[in-house]
Amino acid sequence: MTEQEDIPLIPDFDPGRTRRAVRRGVLRTALAATVISLVVVLLLNLGAQWIQRRGDRDDRMLDVLGTALQVANPGYSTDAWRCCDATAFSLSFSMRLTPLRAGGFSSPDQVSGGAVFTVSQNQFGRVEWPPPGFIKETPLFTALDSVGTDASPSKADTKRILDRLPESMYALAVVDFAKPLGESEFSAFVRRHTAVPPETAIYDGRIGGTPVGWRLDTVLPDAPQGDAAELAPGELPRNGLAGFRRWVGGLRDHDAVNLDKFGLGLELLRKSAADGLAYAYVTQHARVGDLRALIDDPQVRTIRVADVAYDLTGLN
């Protein structure tokens, strides 16, 4: 066998086969690069989410920001809808805000009403609020804006308003004290007027600005067992002012920037918690007839009615 016979024959150049081979090579390279990129992005995203959720960051976000949203908006009931969604650049949770109405949640529409809003903070821990479509002003907010002032209605005007309403109607109202009451005085007042129970205490006496309202049944993550026990008529929840103080005590100096977004000053919260003075309270379940009896109490400056309603679900 000659040396030339050992050399295999070179096939004729086939442009079609060459193009197909090049395309296969390009596709393989692109597929490999895409897979590698997806894996890298996935790992970076998971790592970023882990950083967002590190420690108790998500739980604390709901505790601080979710509670601050409720404190700054006593005209709404707030319910955590979902917590918490983490991305590479943000941590967020959703809450349903429903405007308070007379009678509380006795109406089916009250449960399905309201709107869901997202509270989001970026990778630096800064919150974005308010979201598009959020309306702070409600009839109750307007009533609370006048707490501690002689703005109308006066006591005499309130009596005339209540006299024109059926006594069996429910009322959403703000009971405005003539002077702020300490915890023991507040408790004594509520025991005398068990038919007009407080749902939210106003621990802020500023004129104008966002009122500091604390729902007395607020459940905190560190609340001691037994706070939800059945209460005697006229007894304030044991997690009322104590719960407010416990929440404020858990706030840190760096929370001030986020609290400002809700219209709450950290120093104001700390002062309000330390003073423990109730300037007013919100009641949802009082009857008009009971408010007529309450208005004559000398400790009451006036009663600001924000909404009235019949309990139609109780009618046959």
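Our structure's up above, just so we're on the same page.
Positions within a chain are numbered from 1, following the residues in the order the chain's sequence is written. Restriction of local features to residues with pLDDT of at least 70 applies here, the model being predicted, together with a cutoff of 80 or more for giving and counting side-chain atom pairs; totals for whole chains, interfaces and linings are based on all residues. As a rule here, side-chain values come from all non-hydrogen atoms in the structure, and water together with hydrogens is ignored.

(A) Representation of the overall build of the chain in the model. Strands are runs of DSSP state E lasting at least two residues, helices are runs of H or I lasting at least four, and both sets are numbered from the N terminus onward. Along the chain, the regular secondary structure elements total eleven helices and nine strands. The buried label applies to any residue whose accessible area, calculated with a 1.4 Å probe on protein chains only, is under 20% of its type's maximum; exposed applies above 50%, and partly exposed to all values in between. Buried positions account for 42% of the 316 residues belonging to the chain. Long-range contacts, defined as pairs at least 24 residues apart, comprise 74% of the intrachain contacts of the chain with a sequence gap of at least 6. Here, Shrake-Rupley sampling with a 1.4 Å probe gives the accessible areas, and only protein chains in the shown set may cover a residue. Looking at the chain as shown, the accessible area adds up to about 17,200 Å², and 58% of this sits on carbon and sulfur atoms. The contact definition used throughout considers only heavy atoms, calling two residues in contact when any of these lie within 4.5 Å.

(B) Structural context of the packing of aromatic side chains. Aromatic pairs are defined between Phe, Tyr and Trp rings, using the six-membered ring for Trp, whenever the two ring centres lie within 6.5 Å; interplanar angles under 30 degrees are classed as stacked, those over 60 as edge-to-face, and all others as tilted. For the coordinates displayed, the defined rule picks out 13 aromatic pairs. Geometrically, the ring pair formed by Phe-117 and Phe-134 is edge-to-face, given 5.6 Å between the ring centres and 90 degrees between the ring planes. Of this pair, Phe-117 sits in strand E3 (residues 115-122) while Phe-134 sits in the loop between strand E4 (127-128) and helix H5 (139-144), and the two are 17 residues apart along the sequence. No difference in accessibility class separates Phe-117 from Phe-134, as the two residues are buried. The rings of Tyr-76, Phe-117, Trp-129, Phe-134 and Phe-262 are connected pair by pair, giving a single aromatic cluster. To sit over a ring, a charge needs its Lys NZ or Arg CZ within 6 Å of the ring centre and within 35 degrees of the ring normal. When the ring centre of Tyr-170 is taken as reference, the NZ or CZ atom of Arg-287 above it lies at 4.0 Å.

(C) Focus on the sheet that holds strand E9 (residues 300-309). For two strands to count as paired, DSSP must find a minimum of two bridges between them. Strand order in the open sheet formed by five strands is E7-E6-E8-E5-E9, with antiparallel pairing between adjacent strands. Strands with a single pairing partner mark the edges of an open sheet, and in this sheet they are strand E7 (213-215) and E9. The average angle at which neighbouring strand axes cross in this sheet is 25 degrees, direction not considered. Helix axes are fitted only over the stretch in contact, all axes being lines through C-alpha atoms; the angle between N-to-C directions runs from 0 to 180 degrees. Contacts from helix H7 (residues 183-192) reach strand E5 (170-181), strand E6 (200-202), strand E8 (278-287) and E9 within the one sheet, and its direction differs from that of E5 by about 140 degrees.

(D) Highlighting the environment of Ala-306. Structurally, Ala-306 is set in strand E9. Along the sequence, Ala-306 and Val-174 sit 132 residues apart, while their C-alpha atoms lie 7.6 Å from each other.

(E) Seen up close, the nonpolar core. In this description, a nonpolar core means a group of buried Ala, Val, Leu, Ile, Met, Phe, Trp, Tyr and Cys residues linked to one another through side-chain atoms lying within 4.5 Å. Counting residues in hydrophobic clusters, the biggest one holds 57 residues, and the most contacted among them are Phe-244, Trp-247, Phe-262, Leu-264, Leu-269, Leu-291 and Leu-294. Broken down by element, this core gets its largest block of residues, seven residues, from helix H3 (residues 57-72). Judged by nonpolar contacts, the second largest core, of 13 residues, contains Ala-143, Leu-144, Val-147 and Ala-306.

(F) Layout of H7. Within the sequence span of H7, burial applies to Phe-186, Ser-187, Phe-189 and Val-190. Buried residues of H7, seen end-on, are gathered within an arc of 160 degrees and therefore sit on one face of the element. Opposite the buried face of H7, by more than 90 degrees, sit the exposed residues Ser-184 and Arg-191. Buried-residue contacts for H7 involve E5, E6, E8, helix H11 (288-294) and E9. This arc is taken over the directions from the axis of the helix to the C-beta atoms.

(G) Inspection of the pattern of salt bridges at higher detail. For salt bridges, the criterion is a side-chain nitrogen of Lys or Arg within 4 Å of an Asp or Glu carboxyl oxygen. Summed over all chains, the structure comprises 14 salt bridges. We note a salt bridge from Arg-304 to Asp-176, for which the minimum N-O separation is 3.2 Å. Taken together, the residues Arg-304 in strand E9 and Asp-176 in strand E5 connect sequence positions 128 residues apart. Per residue, the accessibility class of Arg-304 equals that of Asp-176, and both read buried.

(H) Representation of unusual backbone geometry within the structure. Residue Trp-129 is joined to Pro-130 through a cis peptide bond whose omega torsion reads 5 degrees. In this fold, Pro-130 is placed in the loop between E4 and H5. For the bond running from Ser-152 to Pro-153, omega is 5 degrees, close enough to zero to count as cis. Structurally, Pro-153 can be placed in the loop between H5 and helix H6 (155-163).

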